[in-house]
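Chain and residue survey
Listed below, chain by chain, are the residues.
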Amino acid sequence: MINKTVGFIGSGRVTRIMLGGFKKAGKMPQQVVVSDTNLEVLNNLKAMFPEIRIAPNDNTQPAACDLVFVALHPPVVKEVLSAVRSHVRAEAILISLVPKLAIAALSDILGGFHRIARVIPNAPSIVNSGYNPVALAPAFPKTNRAEFFEMLRILGECPEVAEDKLEAYAILTAMGPTYLWFQLFELQEIGKSFGLTEHEVTTGIRQMVKGAANTMSESGLSPAEVMDLVPVKPLGEDEATIKNLYQTKLTALFKKLKS
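Each chain has its residues counted from 1, running along the sequence as written. Reporting of local features is limited, given that this is a predicted model, to residues whose pLDDT is at least 70; pairs of side-chain atoms are given and counted only at 80 or more, and all residues count toward the totals for whole chains, interfaces and linings. In computing side-chain properties, one takes all heavy atoms of the structure into account and sets aside hydrogens as well as water.

1. A word on the sheet that holds strand E3 (residues 53–56)
The strands making up a sheet associate through hydrogen bonds between their backbones, and the pairing can be parallel or antiparallel. Applied cut-off: When DSSP locates at least two bridges between a pair of strands, those strands are taken to pair. To qualify as a helix, a DSSP run of H or I must reach at least 4 residues; to qualify as a strand, a run of E must reach at least 2; elements of each kind are numbered from the N terminus. Note on method: axes are straight lines fitted to C-alpha atoms, helices fitted across the in-contact stretch only, with angles between N-to-C directions ranging 0 to 180 degrees.
Ordered by their spatial adjacency, 7 strands build an open sheet running E3-E2-E1-E4-E5-E6-E8, and the pairing between neighbours is mixed. Two strands bound the open sheet, and with one partner strand each, they are E3 and strand E8 (134–136). Shown here is a sheet whose adjacent strand axes are inclined to one another by a mean of 20 degrees, direction ignored. Pairing analysis gives 4 bridges linking strand E1 (residues 5–9) to strand E4 (residues 67–70), with the strands arranged parallel.

2. Remarks on the pattern of salt bridges
Operational definition: Salt bridge, as used here, is a side-chain nitrogen of Lys or Arg placed within 4 Å of a carboxyl oxygen of Asp or Glu. Between buried and exposed lies partly exposed: a residue is buried under 20% and exposed over 50% of the maximum accessible area for its type, with that area taken using a 1.4 Å probe on protein chains only.
Using the criterion set out here, one finds 10 salt bridges in the structure. Across the salt bridge formed by Glu147 and Lys4, the nearest N and O atoms sit 3.7 Å from each other. Residue Glu147 is found in helix H6 (residues 142–152), and its partner Lys4 is found in the segment before E1; the two are separated by 143 residues along the sequence. The residue Glu163 makes a salt bridge to Arg118 at a minimum N-O spacing of 3.0 Å. Within this pair, whereas Glu163 is found in the loop between strand E9 (156–157) and helix H7 (166–174), its partner Arg118 is found in strand E6 (residues 116–119), the two being separated by 45 residues in sequence. Residue Glu163 is classed as partly exposed on the basis of its relative accessible area, which comes to 24%. By relative accessible area, which is 2% here, Arg118 ends up buried.

Structural data, given as structure tokens:
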């Protein structure tokens, strides 16, 4: 259990993912308060996590917690944090889950507050299998590091990285599951249509994905050699089109995040 008061400014997907991971691990914080302007979204979150307290249209309540998570869209962060900065306590830690806004910019918005971390979370955190890169402010207190990372490790791996790499991780790890899930769910349906059971399909796909990733990193083979391990490639003629989609769409999005 996390023996801190925890506030989330914003009650959308990423808040639901993180609370889901804490709850699945049996380590929900003792006190959680979540704010949002959307009462329907807040009520839905409360239905999933009855132990939390909600604060409709009142960001000052989560801002006054020991750990303050900022789970907002980038365009509204400056306005929201400017309005609550007097409520952020000097001994608190502010964790931004927002891409694009740098630690220095967040510190300026908060009037020089420096106990700041940025985290790029990903959806598998909901089952404690996340890969959530972290960048800490230069003045982040050393005395709080171990406790902070212990909390994040509940959700999965949390490597400390250079801040200027966070947007690359946002494209690669945060959004990465979306590039695969629709294909894997389609494979699941196709496998069942071929006569496999739900368990057989789920187990087969899980092990296939795990093995494919391990082969990439552990075989010592080049990309061409890895892909040559399987002689039949049903989607081979479409590979160039798919690779072009990756290059054009993800490069454009990365440039937007870094601008």
